[in-house]
Amino acid sequence: MKKTRVLSWLIAAAVLFVILGSVVFLAVEAGHDCSGHGCPVCAQLEACEEALQTLALAAGAALPAAGAAAWLLGPPRLSVRPPLRPATLITHKVKLSN
């Protein structure tokens, strides 16, 4: 259980790093001086845009699926059971007479 929690946090951190890195790179290099055909900065800008579009598409597909699953499954049901007590003569109300 703990390994999956750590792994999910690492994946979330990696996705956040990609999003923030792409946004910052796009903002910084938006007005660069292009050297023409085969410009490495333009290629990197296209890669950042593609990564952001892919993540947006994935989020757009995941949110309705999560909403549908929540609607189908309903609210979580918590079972509340009384604590288990051992059965004794007193709990069964047995009268001990001579």
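All of these numbers come straight from a predicted model, not from anything done at the bench.

Cut-offs and rules
In this numbering scheme, every chain counts its residues from 1 along its sequence in written order. A pLDDT threshold of at least 70 governs which residues receive local features in this predicted model, and a stricter bar of 80 or more applies before side-chain atom pairs are shown or counted, although totals over entire chains, interfaces and linings include all residues. Water and hydrogen atoms play no part in the side-chain values, which are based on all heavy atoms of the structure. Here the term patch refers to residues with relative accessible area over 30% and no salt bridge, with like charges joined within 9 Å and nonpolar side chains (Val, Leu, Ile, Met, Phe, Trp, Tyr) within 5 Å. Accessible surface area values rest on a Shrake-Rupley calculation with a 1.4 Å probe, where residue burial reflects the displayed protein chains alone. For salt bridges, the criterion is a side-chain nitrogen of Lys or Arg within 4 Å of an Asp or Glu carboxyl oxygen. Only DSSP runs of H or I covering at least 4 residues are called helices, and only runs of E covering at least 2 are called strands; the numbering of each starts at the N terminus. We call a residue buried when its accessible area falls under 20% of the maximum for its residue type, exposed when it is over 50%, and partly exposed in between, using a 1.4 Å probe and counting protein chains only. Cysteine sulfurs are considered disulfide-paired once they come within 2.5 Å of each other. What a helix is expected to span follows from its residue count: subtract one and scale by 1.5 Å. Contacts were defined at the residue level, with two residues in contact if any of their heavy atoms lie within 4.5 Å.

Draft legend 1. Structural view of a nonpolar patch on the surface. Taken together, the side chains of Leu-7, Ile-11, Val-15, Ile-19 and Val-23 present a nonpolar region at the surface, about 390 Å² in accessible area. With respect to the helices and strands, Val-23 occurs in helix α1 (residues 2-28). Look at Val-23 and you get partly exposed, because its relative accessible area is 43%.

Draft legend 2. Representation of the state of the cysteines within the structure. Inspection of the entire model under this criterion finds zero disulfides. Cysteine Cys-34 shares no disulfide, and the gap to the nearest cysteine sulfur, in Cys-42, comes to 3.4 Å. No disulfide involves Cys-48; its nearest neighbouring cysteine sulfur is the one of Cys-42, lying 12 Å away.

Draft legend 3. Molecular detail of helix α2 (residues 40-73). In this model α2 runs 49 Å from its N-terminal to its C-terminal C-alpha over 34 residues, within 8% of the 50 Å that 1.5 Å per residue would give. Directly after α2, the chain includes Gly-74, whose backbone phi takes a positive value near 75 degrees.

Draft legend 4. The arrangement of the side chain of Ser-22 in detail. Tracing the chain through its elements places Ser-22 in helix α1. Taking relative accessible area as the criterion, Ser-22 reaches 6% and is therefore assigned buried. For Ser-22, the contacting residues outside a window of four places in its chain are Cys-48, Ala-51 and Leu-52.

Draft legend 5. Molecular detail of unusual backbone geometry. Phi at Lys-93 takes a positive value of approximately 55 degrees, unusual for a residue other than glycine. Look at Lys-93 and you get exposed, because its relative accessible area is 74%.

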